[in-house]
Amino acid sequence: MTRILVTGGAGRLGRTLVAGLGASGHELVSVDREISDAPELAGVEQLAVDLAHAGQAAEVIERTRPEALIHLAAIAVPFSAPEDVIMRTNAGLAVSVMGAAAAAGVGRIVAASSPTVIGYGAPTGWAPDRLPIDEDTPARPWNAYGLSKLLIEQTIGMLRRQTGDSTRYAAFRPCYVIAPEEWAGAPTQQGHTVRERLDDPALSAPAVFNYVDARDVSAFADTLLAAMDDIPNGEVFFVGADDALAREPLSDLIPRFHPGAARAAAELTGTAPAFSNAKARRLLGWRPQRTWREELATQVSRHA
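Residues numbered from 1 in each chain as written. Predicted model: local features only at pLDDT ≥ 70, side-chain atom pairs only at ≥ 80, totals over all residues. Heavy atoms only, no water.

Now for the overall build of the protein. Within the protein, the regular secondary structure consists of twelve helices and nine strands. In summary, the protein has a C-alpha radius of gyration of 19 Å against a globular reference of 19 Å for 304 residues, a match within 12%. Projecting the C-alpha coordinates of the protein onto the three principal axes gives extents of approximately 55 × 45 × 40 Å. Taking all 304 residues of the protein together, the buried fraction comes to 53%. A separation of at least 24 residues holds for 73% of the contacts in the protein among residues at least 6 apart in sequence. Per element, the accessible surface of the protein, about 12800 Å² overall, is 51% carbon and sulfur. Side chains of the protein give 28 positive and 36 negative charges; the mean places of these two sets differ by 3 Å. (Helix = DSSP H or I, 4+ residues; strand = E, 2+ residues; numbered from the N terminus. Rg over C-alpha atoms; globule rule 2.2 N^0.38 Å. Buried < 20%, exposed > 50% of the residue type's maximum accessible area, 1.4 Å probe, protein only. Contact = heavy atoms within 4.5 Å. Areas by Shrake-Rupley, 256 points an atom, 1.4 Å probe, with all protein chains shown as cover. Lys, Arg positive; Asp, Glu negative; His and termini not counted. Charge placed at Lys NZ, Arg CZ, Asp CG, Glu CD.)

Take the pattern of salt bridges next. A complete count under the given rule lists 19 salt bridges for this structure. As a salt-bridge pair, R130 and D134 come within 3.1 Å of each other at their nearest N and O atoms. R293 is the partner of D243 in a salt bridge, and the nearest nitrogen-oxygen pair spans 2.9 Å. Of the two residues, D243 sits in the loop between β9 (235-239) and α9 (250-257) while R293 sits in helix α12 (residues 292-302), which places them 50 residues apart along the sequence. What makes R293 partly exposed here is its relative accessible area of 33%. (Salt bridge = Lys/Arg side-chain N within 4 Å of Asp/Glu carboxyl O.)

Attention now goes to the packing of helix α3 (residues 83-103) against helix α4 (residues 144-163). Direction vectors running N to C along α3 and α4 enclose 20°, while the axes themselves pass 9 Å from each other. When the axis of α3 is compared with that of α4, the two are roughly parallel. In this structure, α3 meets α4 at a crossing whose hand is right-handed. Within the contact between the two elements, α3 uses E83, I86, M87, N90, A91, A94, V95, M98, G99 and A102 and α4 uses A144, Y145, L147, S148, L151, I152, T155, I156, L159 and T163. In terms of residue class, the contact of α3 with α4 is made up of 14 nonpolar, five polar and one charged. (Axes fitted to C-alpha atoms, helices over the stretch in contact; angles between N-to-C directions. Parallel < 35°, antiparallel > 145°, perpendicular 65-115°, else oblique. Left-handed = near helix turned anticlockwise from the far one by under 90°. Nonpolar A, V, L, I, M, F, W, Y, C, P; charged D, E, K, R; others polar.)

The following block contains the structure:
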């Protein structure tokens, strides 16, 4: 059992991640701006803290004394706030929270980044050298959200240079997160249902049809925490489903919405996604357990 502090634990991903880690036997502390009545957090220690203040971040870490930190807290949607606010908030939270954890001697520090660091959807065009995208694909963010997430990854590098390998670090880039209730028809992060995103490819095209079930992210986090002493320090992982959130092959869809990526998309066959999770399989032995076809079929059978 590990005592884990999760920032942003009341968010869409945070609720499921906290519940999953708790079910695996860990002791969880969820920190967010407000106490949540979400059923996933029932029985979990919750603290309402403004982590944007470095002093409060340091105080809550000192008070709770976690063995591991998972930092999710951030403005979670591109362009949902002014660009300067997104930059200050996300980058500032990373420095305040992870810096405080490193200073307090927390042994394992994990942060959520984003696939948007890659820079797909740039107004001037996007022409990847190859698909699927993986961790070796150069980061070329074009908006404040993507840049702030890249700075989170770079904050990990900065802290590692301060602490050395006495503290273990990692970052992960979760694809478009779908929470369990969203398979049943609750709106996703962008306000559409999963079925609407499948029926109208234009809705999923901005994210290049990537997705991941929040429960698979929770399982990834559990696997990562257990492996951090045995893998290179400071690794970054894409965390995504084994298929694309699309009814058509991406070799057909991507050229329609991302013309500059048409040549690279020709290499994608069948239901293959545009983002590879091979590194997480190779280094951690993790792979996602859920696909949209199975989850939607389960919902249909429940209501038959």
